[in-house]
Amino acid sequence: MEIVRTGPRKRFTGISRLYPMDTAIGTLRVIEDAEILVEGKHIVWVGKRGEGMGPIEGEERIEMSGVICTPGWIDAHTHLIWAGSRQNEFRARLQGQSYLDIARAGGGIMSTVRAVRQTDTSKLIAEGRHRLERMLGYGITTLEAKSGYGLSTDAEIKILRAIRALHEEGPQEISATFLGAHTVPTEYKHDRASYVSLVCEEMLPAVAEAGLADACDVFVEEGAFTLQEARRILQRGLDLGLQSRLHADQLSSGGGAELAAEMGALSADHLEEISPTGIQKMAEARVTACLIPGSTFCLRQHRYAPARAMIDAGMQIALATDLNPGTTCSESLPFLGTLACLQMGLLPEEVLYAVTVGAAHALGRADQIGRIAVGYQADLAFFAAPDIDYLFYHYAVLHTQSVYKHGRKVWPSSP
Ligand SMILES: [Zn+2]
């Protein structure tokens, strides 16, 4: 077969173990002494060294002996853009206050909202860029980022513009989600219906018209939004061309998973308290479950999402950081992989699936990213480790050797 050249050719060769992630969850294909050929931004060949196309003049050869290779990791749920910090709440929680106590005292989401409203776009971008650099060091080449700390039309748009600017700047690709329905802001506390109308009739049309989001998310929870409110907001989003996501069944089983199935959502996230019916409905509707062990861990709760039951039911699962300033402040997806192993009983190959193929499904991009296969984007993460078990066993340290996005080396950045 003749390959149409679309850019310079790179040959990654001698990779000790390569995980193409081209099989179902729980099964693992490993290629030892592997080679990947990349032309321009895409993979044109992958297999055992010496079995594919021979060298051509001018190609770049990159020796990768002693390192393992996975697809670039995908973080399918982040609140990337915020201002300020909430380490005071971390301390308050250590001293016995609950998340709800803190929110009632003016902390929680609203304290970040006040900080974001007072911060200009360039500062939001600078802080977001810093977080993205850290994520890149963990091998994260694609992510999702939500608004939701603005809660006014202008401030929500400001956050989405910051996300858009960082996506255009690269190297990571960022899928933007509008989360105007994160919480009812204080000024609408006694008139929540008006806030829901503002989201539906002003914010969503403005966001859609500016083309600033791919999806619309609602936090369905006691104290946040009801099922009826969420249905109205998500339907308005769908009518305007935005796919649905939900923060669902995190602190109580409120029918969020069932609603995600009803709306044909891309993903429903958290799901610590999902009901057996919710599992069945999401599996039938092929909604990806995005698991967030970091929030359970950091809020010192004990119930992790029932990942095993979800996998057994045939659900697609993703694993994400939920990076945010309040409930779980970490960019380290590998550390959350260790948590998923230890607290949810996942095997390393299931975790790797969840941060590649599963997460690509959560973003609706499973035909382009999340696998090392011909035609896929050349988004690659290399680790100085003997195998993937080691990545999660030797936890909370950096194993990354290098990261490539669209075939270009993006980490470590050259001096
Ligand atoms: Zn979240």
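In this text, all values refer to a predicted model and were calculated from it rather than measured experimentally.

A. Examining the pairing of strand β3 (residues 42–48) more closely. In terms of burial, β3 is a largely internal element, 5 of the 7 residues being buried. Looking at chain direction, strand β2 (residues 31–39) and β3 are connected through 6 bridges and run antiparallel. Note that in β3 the partner of Leu37 across the bridge is Trp45. The hairpin turn running from β2 into β3, its antiparallel successor, is 2 residues long, and Gly40 in that turn takes a positive phi close to 60 degrees.

B. Region of interest: the pairing of strand β7 (residues 140–146). Summarising burial for β7: 7 of the 7 residues are buried, a large majority. Across 3 bridges, the pairing between strand β6 (residues 73–75) and β7 is parallel. Pairing of Ile74 across the sheet is with Thr142, part of β7. By the bridge criterion, 5 bridges tie β7 to strand β8 (residues 173–181) in an arrangement that is parallel. Bridging from a neighbouring strand, Leu143 pairs with Ile174 of β8.

C. Just the packing of helix α5 (residues 153–169) against helix α6 (residues 192–209), in detail. Put simply, α5 and α6 touch, their axes get as near as 10 Å, and they point 35 degrees apart. Between α5 and α6 the crossing geometry is right-handed. Where α5 abuts α6, its residues Thr153, Glu156, Ile157 and Leu160 lie against Leu198, Glu202, Met203, Ala206 and Val207. Within the contact of α5 with α6, the residues separate by chemical class into 6 nonpolar, 1 polar and 2 charged.

D. How the structure looks around the coordination of the zinc ion. Protein coordination of the zinc ion is provided by His77 (NE2), His79 (NE2), His247 (NE2) and Asp322 (OD), with donor distances spanning 2.1 to 2.4 Å. Every donor counted, the 4 donor atoms about the zinc ion form angles of 83 to 167 degrees at the centre, which fits irregular coordination. Read in sequence order, the donor residues coordinating the zinc ion give the pattern H-x1-H-x167-H-x74-D. A residue pair is termed long-range when its members are at least 10 positions apart, and His79 in the loop between β6 and α1 (87–94) and Asp322 in the loop between β13 (317–319) and α12 (333–344) qualify at 243 residues. Like His79, the residue Asp322 is buried in the burial classification.

E. Representation of the nonpolar core within the structure. Formed by 97 residues in total, the largest nonpolar core has its most connected members in Trp73, Leu80, Ile233 and Met310. With 8 residues, α6 is the single largest residue contributor to this core. Both of domain 1 (9–72 + 370–411) and domain 2 (73–362) provide at least three residues apiece to this core.

F. Structural detail: the packing of α6 against helix α7 (residues 227–239). Where α6 meets α7, the closest approach of the two axes is 10 Å, and the angle between their N-to-C directions is 10 degrees. In terms of orientation, α6 lies roughly parallel with respect to α7. Contacts from Arg192, Val196, Ser197, Val199, Cys200, Glu201, Leu204 and Pro205 in α6 reach Glu229, Arg232, Ile233, Arg236 and Gly237 in α7. Grouping the constituent residues of the contact of α6 with α7 by class yields 6 nonpolar, 2 polar and 5 charged.

G. Quick look at α5. The first and last C-alpha atoms of α5 sit 24 Å apart over 17 residues, in line with the 24 Å expected at 1.5 Å per residue. Among all positions in α5, only Thr153, Ala155, Glu156, Ile157, Lys158, Ile159, Leu160, Ala162, Ile163 and Leu166 are buried. Buried-residue contacts for α5 involve α3 (109–117), α4 (121–137), β7, β8 and α6.

H. Molecular detail of the environment of Asp269. The residue Asp269 is located in strand β11 (residues 267–270) in this model. Sequence-wise, Asp269 and Gly211 are 58 residues apart; in three dimensions their C-alpha atoms are separated by 24 Å. With residues near it in sequence (within four places) discarded, Asp269 still touches Ala76, His77, Lys146, Leu246, His247, Ala248 and Cys290. Here the side chain of Asp269 touches Ser267 through a polar contact of 2.8 Å, side chain to side chain.

I. Fine view of the environment of Ile102. Structurally, the position occupied by Ile102 is in helix α2 (residues 99–104). Once you skip the residues sitting within four places of it in the chain, Ile102 turns out to touch Glu89, Ala92, Arg93, Gln97, Gly107 and Gly108.

How each quantity is defined
- Residues numbered from 1 in each chain as written.
- Predicted model: local features only at pLDDT ≥ 70, side-chain atom pairs only at ≥ 80, totals over all residues.
- Heavy atoms only, no water.
- Buried < 20%, exposed > 50% of the residue type's maximum accessible area, 1.4 Å probe, protein only.
- Helix = DSSP H or I, 4+ residues; strand = E, 2+ residues; numbered from the N terminus.
- Pairing = 2+ DSSP bridges.
- Axes fitted to C-alpha atoms, helices over the stretch in contact; angles between N-to-C directions.
- Left-handed = near helix turned anticlockwise from the far one by under 90°.
- Contact = heavy atoms within 4.5 Å.
- Nonpolar A, V, L, I, M, F, W, Y, C, P; charged D, E, K, R; others polar.
- Donors = N, O, S within 2.8 Å, 3.2 Å for Na, K, Ca; no water.
- Tetrahedral: all angles 85-135°; square planar, octahedral: opposite > 155°, others 65-115°.
- Core = buried A, V, L, I, M, F, W, Y, C linked by side-chain atoms within 4.5 Å.
- Domains from an automatic or database assignment.
- Parallel < 35°, antiparallel > 145°, perpendicular 65-115°, else oblique.
- Expected span 1.5 Å × (residues − 1).
- Polar contact = N/O pair within 3.5 Å; in protein donor to acceptor, adjacent residues only side chain to side chain.

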